[in-house]
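# Fold and geometry: a report
One-letter residues, chain by chain:
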Amino acid sequence: CTAIAAAALPDVDAETDVVHADTPRESPLRALRGRRDFVQVLLCSGLIQGSHAAYYAYASVQWRSAGFDEQTIGMLWSEGVAAEILLFAFGARAAQRLGSRHLFRIGAAAAVLRWLTLGLTDSLAMVAVTQLLHAFSFGATHLGAMQWIPRNIPPRQAATAQGMLSAYSTGLTTAVATALSSVLYPAFGALPTFGTMALIAAGGALASARVNVPRAVA
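Overview of the structure. (Residues numbered from 1 in each chain as written. Predicted model: local features only at pLDDT ≥ 70, side-chain atom pairs only at ≥ 80, totals over all residues. Heavy atoms only, no water.)

Right, let's get into the overall build of the protein chain. In terms of helices and strands, the protein chain carries eleven helices and zero strands. The secondary structure elements of the protein chain, listed N-terminal to C-terminal, are α-α-α-α-α-α-α-α-α-α-α. In the protein chain, buried positions account for 45% of the 218 residues. Taken as a whole, the protein chain presents about 10900 Å² of accessible surface, with 65% of it coming from carbon and sulfur. (Helix = DSSP H or I, 4+ residues; strand = E, 2+ residues; numbered from the N terminus. Buried < 20%, exposed > 50% of the residue type's maximum accessible area, 1.4 Å probe, protein only. Areas by Shrake-Rupley, 256 points an atom, 1.4 Å probe, with all protein chains shown as cover.)

Further remarks concern the packing of aromatic side chains. If you walk through the whole model with that rule in mind, you get seven aromatic pairs. A ring pair is formed by Tyr55 and Trp77, whose centres lie 4.7 Å apart and whose planes are at 35°; its orientation type is tilted. Remark: Trp77 occurs in helix H5 (residues 70-90) and Tyr55 occurs in helix H4 (residues 53-65); sequence separation between them is 22 residues. In this structure Tyr55 comes out as buried when scored by relative accessible area, which is 1%. (Phe/Tyr/Trp six-rings, centres within 6.5 Å; stacked < 30°, edge-to-face > 60°.)

Let us look at the side chain of His134. Mapped onto the secondary structure, His134 falls in helix H9 (residues 134-152). Since its relative accessible area comes to 5%, His134 is described here as buried. Within polar-contact distance, the side chain of His134 engages the side chain of Glu84 at 3.3 Å. Side-chain polar atoms of His134 contact the side chain of Arg114, separated by 2.9 Å. Leaving out residues up to four positions away in the same chain, His134 has contacts with His52, Tyr55, Tyr56, Gly80, Val81, Glu84, Arg114 and Gly139. (Polar contact = N/O pair within 3.5 Å; in protein donor to acceptor, adjacent residues only side chain to side chain. Contact = heavy atoms within 4.5 Å.)

Any two packed helices are characterised by how steeply their axes cross, that is the angle between the axes, and by the distance between the axes. Where H4 contacts H5, the two axes come as close as 10 Å, and the packing angle between them is 145°. Of the two possible hands of crossing, H4 and H5 adopt the one that is right-handed. Residue-level inspection shows Tyr55, Tyr56, Ala59, Ser60, Trp63 and Arg64 of H4 in contact with H5, the latter providing Glu70, Ile73, Leu76 and Trp77. Looking at the contact of H4 with H5 residue by residue, the class counts come to seven nonpolar, one polar and two charged. (Axes fitted to C-alpha atoms, helices over the stretch in contact; angles between N-to-C directions. Left-handed = near helix turned anticlockwise from the far one by under 90°. Nonpolar A, V, L, I, M, F, W, Y, C, P; charged D, E, K, R; others polar.)

Let us look at a nonpolar patch on the surface. A contiguous nonpolar surface patch, about 220 Å² in accessible area, is contributed by Leu98, Ile106 and Phe136. Judged by relative accessible area, which is 34%, Phe136 ranks as partly exposed. (Patch = residues over 30% accessible without salt bridge, like charges linked within 9 Å, V, L, I, M, F, W, Y side chains within 5 Å. Salt bridge = Lys/Arg side-chain N within 4 Å of Asp/Glu carboxyl O.)

Here it is, written out as structure tokens:
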């Protein structure tokens, strides 16, 4: 639904915010689908963000089976969100210096470490430490995509690009990975499930090699 809505967005002049409803131009959706560099960003971001699917679906189940009480589980979830917020609040300058490609690589590395830890250990201390990595596995990946779009996509296509990122990259890959997790976790347990998520995140790291360095867009 997000993808359909993004395709129907009106054309807006970034300078004057005037809608050019009658100006015949190529559809932003069609233009973006034809750009290999943007598709590569969708793939890279989608693999890393999609690898969070097992975490979202089964982390609480895993922690309960390890004997963590409900309050502890709630605090672990809150810890990850707090780490993400701190990155967004104070890491913008560092993110600008690193650039999208390096942010994607950091996000992928953090995701691989997180999922392997969840698959291999039930240690509360280890889980608590790796929850801080949510700032990078999710946050750095998101910043990488959000930084790439305004530097490479014309302003009139930016809203459509963000809609496609949400629908095709984060939404679709997470849905597929969640379905995969729902088969793996009940049948094989934590390590095969989270190990598979680590492989998916590693695929995001490989895809980042083909993400072009952001450039200013007039």
